[in-house]
Each structure stands twice: as structure tokens, then as C-alpha cells.
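Below are the chains, spelled out letter by letter.
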Amino acid sequence: MFLFDGPDQARMTILLAHGAGAPMDSSSMTAAAKALGEAGFRVARFEFGYMAGRRTGAGRVPPPRAEKLNPQYIAAVDALATKGPLIIGGKSMGGRVASMVADELLAAGRIHGLLCLGYPFHPPAKPEQPRTQHLAELKTPTLIVQGTRDEFGTREDVATYKLSPLIELLWLEDGDHDLKPRKSISGFSTADHLKTMAEAASSWAERVTGQVA
């Protein structure tokens, strides 16, 4: 059910769900998980049912509405059964689903934080249709890592939305929805940005959990 990266005996675990259109072993998910693992986290990736079904010949079933996946995310937390501090999150839609179940899990003492990579603040090129209502009152400590040219939410778009004060934003220069920059324009490589992401996640996680990754 899970793909793991990082040390087995890590102090903290991050559970990541995939985006709407690509599986848990996509190149961007794999690269992000590897970077977080190298930063000292135990990283677990999982797939929602519709995506897992594509591996068994069920065809390219479209994703359901994000909120319909909430029970599956909670089921993944149940199945993972971590002992140390747990941070949940994901890539794009996976992070959005995690954000919708985070406060429930936090209140139950099951998680310590939320990590979102490329959050889908709005549909592409439609900043007037924000998906942020629940983020305004979010009670879970959150780190959102976003590229400055992400078509699902640029710095300019996000500045107009009301977000909980517990949400921290890390902007990666010229990063797209996969956090990838154009090196000829920005001077940064994808590896540079992933290292920055992982180091920031480590420092942030130490603050919200009180433990060293």
C-alpha cells in the first residue's frame, strides 16, 4: 500500500498523497520523497483508490471530487500506524485532501502538521475561483511550498486570499506546479529547489513537533 523513503528509524514520518493526474511513483513525487528522506524523514506515499485502480486494468478513471477522498486519506493514516510524530500532506490535490482532514486528526492527537507541495489554490488560470475557504480557519500548523509561476496559485494570486496565520508559505523562485524552475532564467535547478524544500520542511517540523528530524 505504501512506498517508503528515508530511514526506517526516523523520528518523524511524512505521509504524502499524489496529485489528481499522476500516481505516487511519478517523477516529481519520487524526487520530492527522496529529498525529504535525505533530510531525515521517513516518507510514506500512498494512492487513492481511483489511481490504484488504473494499475489493475480499470482504465483511466477520473478523480472524484477532492472531499470524496477524505475517508481514504484517514484510512491511510490508520493503516500506516506510526509511533512517532506524523505529518500529513501531499502533492497538489493530495495536499488539498490532507488539508481537509488535518484539523480532525490534529484534534485527535494523531498528527502534528500539514505539508503541501504545489497547493491547488484555484483551477489553472482561474484565480477568481479559490479553493481556500477551509484554509482561512485551519488550526493545523502548515507549510505550503509553492513555485512562483505555479498556474494553480502564484504569489500574486495567493496574496489576495485569506489564510490561517498557522499557514507558512515557502516560495520557490520560478518554480512550476512541480516546483521545477527554468535554470536559464532563475539560476536554480530542480535539485536546488527540492533541497531548499526539504531543509525548510525539516526546520519547520522541528518547531511544530519539538523533535529533530
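In this numbering scheme, every chain counts its residues from 1 along its sequence in written order. This being a predicted model, a pLDDT of at least 70 is required before a residue's local features are given, and a value of 80 or more before pairs of side-chain atoms are given or counted; all residues contribute to the totals for chains, interfaces and linings. In computing side-chain properties, one takes all heavy atoms of the structure into account and sets aside hydrogens as well as water.

Student: Whenever I open this one, the overall build of the protein chain confuses me. Can you help?
Tutor: For the protein chain, the helix and strand inventory stands at seven helices and seven strands. Secondary structure elements in the protein chain, listed N-terminal to C-terminal, are β-β-α-β-α-α-β-α-β-β-α-β-α-α. Between the two quantities, the radius of gyration covers C-alpha atoms and the globule rule is 2.2 Å times the number of residues to the power 0.38. Relative to the compact-globule value of 17 Å for 213 residues, the protein chain shows a C-alpha radius of gyration of 16 Å, a close match. Its C-alpha atoms give the protein chain principal-axis dimensions of about 40 × 40 × 35 Å. Remark: exposure states derive from per-residue accessible area (1.4 Å probe, protein chains only) relative to the maximum for the residue type, with buried under 20%, exposed over 50%, and partly exposed in between. A total of 213 residues make up the protein chain; the buried ones form 53% of that total. Here, two residues are considered to be in contact whenever any of their heavy atoms come within 4.5 Å of each other. Taking the intrachain contacts of the protein chain between residues at least 6 apart in sequence as the baseline, contacts between residues at least 24 apart amount to 74%. Here the open area of atoms and residues is found with the Shrake-Rupley method and a 1.4 Å probe, where only the protein chains shown may cover a residue. Taken as a whole, the protein chain presents about 9600 Å² of accessible surface, with 52% of it coming from carbon and sulfur. Positive charges are assigned to Lys and Arg, negative charges to Asp and Glu, while His and the chain termini are left out of the count. Just so you know, the charge point we use is NZ for Lys, CZ for Arg, CG for Asp and CD for Glu. Positive and negative side-chain charges in the protein chain, numbering 24 and 23 respectively, have mean positions lying 3 Å apart. By definition, any uninterrupted DSSP run of H or I lasting at least four residues is a helix, any uninterrupted run of E lasting at least two residues is a strand, and each is numbered from the N terminus.

Student: So what exactly am I meant to see when it comes to the pattern of salt bridges here?
Tutor: Each reported salt bridge corresponds to a side-chain nitrogen of Lys or Arg within 4 Å of a carboxyl oxygen of Asp or Glu. Following the criterion strictly, the structure yields 10 salt bridges and no others. Between Arg110 and Asp78 there is a salt bridge, with the nearest N and O atoms lying 2.6 Å from each other. In this pair, Arg110 is assigned in the loop between helix H4 (93-107) and strand S5 (113-117) and Asp78 in helix H3 (residues 70-80), connecting sequence segments 32 residues apart. Its relative accessible area of 33% is what places Arg110 among the partly exposed residues. For Asp78, a relative accessible area of 42% gives the class partly exposed. One network of salt bridges, in which partners are shared, links Asp25, Glu47 and Arg55.

Student: What is the right way to read the packing of aromatic side chains from this model?
Tutor: Note on aromatic pairs: each is described by the distance of the centres and the angle between the planes. The aromatic pairing rule takes the rings of Phe, Tyr and Trp, using the six-membered ring of Trp, and pairs them if the centres are within 6.5 Å, calling planes under 30 degrees apart stacked, those over 60 edge-to-face and the rest tilted. Within the structure shown, the criterion is met by six aromatic pairs. Their ring planes at 90° and their centres at 5.1 Å tell us that Phe46 and Tyr73 sit as a pair that is edge-to-face. In this pair, Phe46 is assigned in strand S3 (residues 42-46) and Tyr73 in helix H3, connecting sequence segments 27 residues apart. Ring geometry for Phe48 against Tyr73: centres 6.4 Å apart, planes inclined by 55°, an arrangement best described as tilted. Of the two residues, Phe48 sits in the loop between S3 and helix H2 (49-53) while Tyr73 sits in helix H3, which places them 25 residues apart along the sequence.

Student: Can you walk me through unusual backbone geometry in this structure?
Tutor: Trans peptide bonds make up the majority, and among non-glycine residues the majority have a negative phi. Despite not being glycine, Ala81 has its phi angle at roughly 50°, a positive value. Looking at the element boundaries, Ala81 is found in the loop between H3 and strand S4 (86-91). Even without a glycine there, the phi angle at Ser92 is positive, about 50°. Among the secondary structure elements, Ser92 is positioned in the loop between S4 and H4. With a relative accessible area of 9%, Ser92 lands in the buried category.

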